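# Notes for the structure review
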Amino acid sequence: MMESCRAREVLGWRVKSGVGIWEPETLVLPASVVCAFSSRQGGVSGGPYTSLNLGLHVGDRPEDVVTNRRRFSEALGIDLESWVAGSQVHGKDVAVVGRKDRGRGALSQDTALPALDGLVTNEPGVWLTSYYADCVPLLFWDVHGRAVGVAHAGWRGTLAQVGLQVVVKMAEAFGSDPGEIHVLVGPAIGSCCYSVGEELADAFEKEFGREPLIRRQGRTYLDLKLANREYLVRGGIPPDQIYLSTLCTSCLPGVFFSHRRDKSPTGRMAAVIGLRER
Ligand SMILES: [Zn+2]
C-alpha cells in the first residue's frame with residue numbers, strides 16, 4: 001500500500017534568492033539537464049494566490065505572475081523569455097517544441113501553445129513548463145542528456161496516459177530508448193488526501209487492480225503518482241528510473257497550492273525542465 005509514501009524523497013528543498021524551490025537532490029542528473037518544481041513561497045501575489053503563483057490562467061494579476069516567474073527563473077539561472085507552455089486541457093496531446101517556440105505562454109497566456117498537456121524538446125535553452133495544484137507533474141530526461149519532456153497529469157490525463165505519450169514522442173522524435181529515460185514525479189496530491197467517488201475508483205481499478213486505491217473509513221483514496229508510475233513501467237521505463245516525490249500538495253498549505261484543499265481560485269506551482277546551452 002501507498003508505495004509513494006515509503007519511497008525515499010528525491011527532492012531537496014532550497015531557498016534561492018528568497019524563492020522556495022524543490023530540486024532533485026539525491027539524483028545524478030546529466031550535466032546538461034536543469035529541472036525543478038516551485039513552491040508557493042517567495043512571490044508577490046496576494047489573497048488566494050499568496051505568494052509565488054506561477055499560473056497566468058487562474059485570475060491573478062498578470063503582472064504579479066510575470067514578476068513571480070521572473071524570480072523563479074532568476075533563482076534557477078534560466079531565462080523567462082525562453083519558457084514554453086501549453087494551454088493545459090487534461091488531455092494526452094504532446095508536442096515537439098524548439099527554439100522557434102521560445103516565449104510561447106511565458107509572459108501571456110494568450111501565446112501558450114493550444115491544448116497541450118505534454119511537451120518535449122532536444123534543443124538547449126528551451127524551458128518546458130507545466131502548471132499544477134494537486135495534478136501530477138512529470139519530468140523526463142534521457143540518460144545521455146539529449147532530450148527532455150514534461151507532462152501534466154490529473155486523473156483524466158493519467159487515465160489518458162499522457163506520461164506514456166511523452167515517452168512515445170521522445171522515442172519517435174529523438175530516438176530516445178524508453179530503457180534510458182528517467183522520470184521525476186513531483187509533488188502532487190497524495191493518497192492521504194485524494195478521496196474519489198466510486199465511478200472514478202472503478203475506472204482506476206479496471207486499469208490497475210486495487211493497488212493505487214486505498215479504502216479508509218468508508219472512503220476510497222487514489223494514489224495518482226503510483227498510477228502514473230505503473231503506466232510508465234508498462235511503457236518500458238525501468239522501475240528504478242522512476243522517482244516519486246513523497247510530498248502531498250494538500251497536506252502542506254504553507255508550501256504548496258492545492259485545488260482540492262483551497263478550492264477555486266488558488267495559485268499554481270510550475271514544473272520546469274530543459275537543457276543548458278553550452
Ligand atoms: Zn495529503
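For clarity, every value in this text was computed on a predicted model and none was experimentally measured.

## Describing the environment of R71
For R71, the position within the fold is in helix α2 (residues 62-76). Separated by 35 residues in the primary sequence, R71 and A106 place their C-alpha atoms 13 Å from one another. The contact partners of R71, leaving out residues within four places of it in the chain, are S17, V19, G42 and G43.

## With respect to the confidence of the model for the protein
For the protein, the mean per-residue pLDDT works out to 95, and 97% of the residues sit at or above 70. Below a pLDDT of 50 lies the segment residues 1-7, which in the model reaches 14 contacts outside its immediate sequence neighbourhood of four places, other chains included.

## A look at the sheet that holds strand β11 (residues 195-196)
Sheet architecture is open: three strands sit in the order β11-β13-β12, paired in antiparallel fashion. Single-partner strands in this sheet number two, and they are β11 and β12 (213-216). Relative to strand β13 (residues 219-222), β11 runs antiparallel, the two being bridged by two bridges. From the neighbouring strand, V196 faces β13, where its bridge partner is T220.

## Observations regarding the pairing of strand β2 (residues 19-24)
The element β2 is extensively covered by neighbouring structure, given that five of its six residues are classed as buried. Across six bridges, strand β1 (residues 11-16) lies against β2 in antiparallel orientation. Looking at the pairing, W13 lines up with W22 of β2. Linkage of β1 to β2, two consecutive antiparallel strands, is achieved through a turn of two residues, within which S17 is found at a positive phi near 50°. Of the strand pairs in this sheet, β2 and strand β3 (residues 33-38) are connected by two bridges, and their pairing is antiparallel. Residue I21 lies in a different strand from β3, and its bridge partner there is S38.

## Brief notes about the nonpolar core
Residues L128, L138, L139, F140, V148, V183 and I273 are the most contacted members of the largest nonpolar core, which totals 77 residues. It is strand β15 (residues 269-275) that provides the largest number of residues to this core, a total of six residues.

## Some thoughts on the packing of helix α4 (residues 162-174) against helix α6 (residues 224-234)
To describe two helices that pack against each other, one gives the angle between their axes and the distance between the axes. Direction vectors running N to C along α4 and α6 enclose 35°, while the axes themselves pass 8 Å from each other. Relative to α6, the crossing made by α4 is right-handed. Across from G163, L164 and V167 in α4, the residues of α6 making contact are N228, Y231 and L232. Among the residues making up the contact of α4 with α6, the classes are represented as four nonpolar, two polar and no charged.

## Details of unusual backbone geometry
The amide bond that connects T50 to the next residue, S51, takes the cis arrangement and shows omega of -10°. With respect to the helices, strands and loops of the structure, S51 is situated in the loop between β3 and α2. For the peptide bond that leads from S264 to P265, omega is 0°, which places it in the cis range. A positive phi is found at H90, a non-glycine position, where the angle reads about 60°. If you trace the backbone, H90 turns up in the loop between β4 (83-85) and β5 (94-96). At D134, a position not held by glycine, the phi torsion is positive, near 115°.

## Observations concerning the sheet that holds strand β10 (residues 181-185)
Strand pairing in a sheet is mediated by backbone hydrogen bonds. Such pairs are either parallel or antiparallel. Strand order in the open sheet formed by six strands is β5-β6-β9-β8-β10-β14, and the pairing between neighbours is mixed. Whereas interior strands pair on both sides, the edge strands pair on one side only; in this sheet they are β5 and β14 (242-244). The average undirected angle you get between the axes of adjacent strands in this sheet is 15°.

## As for the pairing of β3
Of all six residues in β3, five are buried; the element is thus mostly enclosed. Relative to β15, β3 runs antiparallel, the two sharing five bridges. Each residue of the ladder has a partner; that of C35, found in β15, is I273.

The rules we used
- Residues numbered from 1 in each chain as written.
- Predicted model: local features only at pLDDT ≥ 70, side-chain atom pairs only at ≥ 80, totals over all residues.
- Helix = DSSP H or I, 4+ residues; strand = E, 2+ residues; numbered from the N terminus.
- Contact = placed C-beta atoms within 7 Å.
- pLDDT = per-residue confidence, 0-100.
- Pairing = 2+ DSSP bridges.
- Buried ≥ 20, exposed ≤ 12 C-beta atoms within 10 Å, placed from the backbone.
- Core = buried A, V, L, I, M, F, W, Y, C linked by C-beta atoms within 7 Å.
- Axes fitted to C-alpha atoms, helices over the stretch in contact; angles between N-to-C directions.
- Left-handed = near helix turned anticlockwise from the far one by under 90°.
- Nonpolar A, V, L, I, M, F, W, Y, C, P; charged D, E, K, R; others polar.

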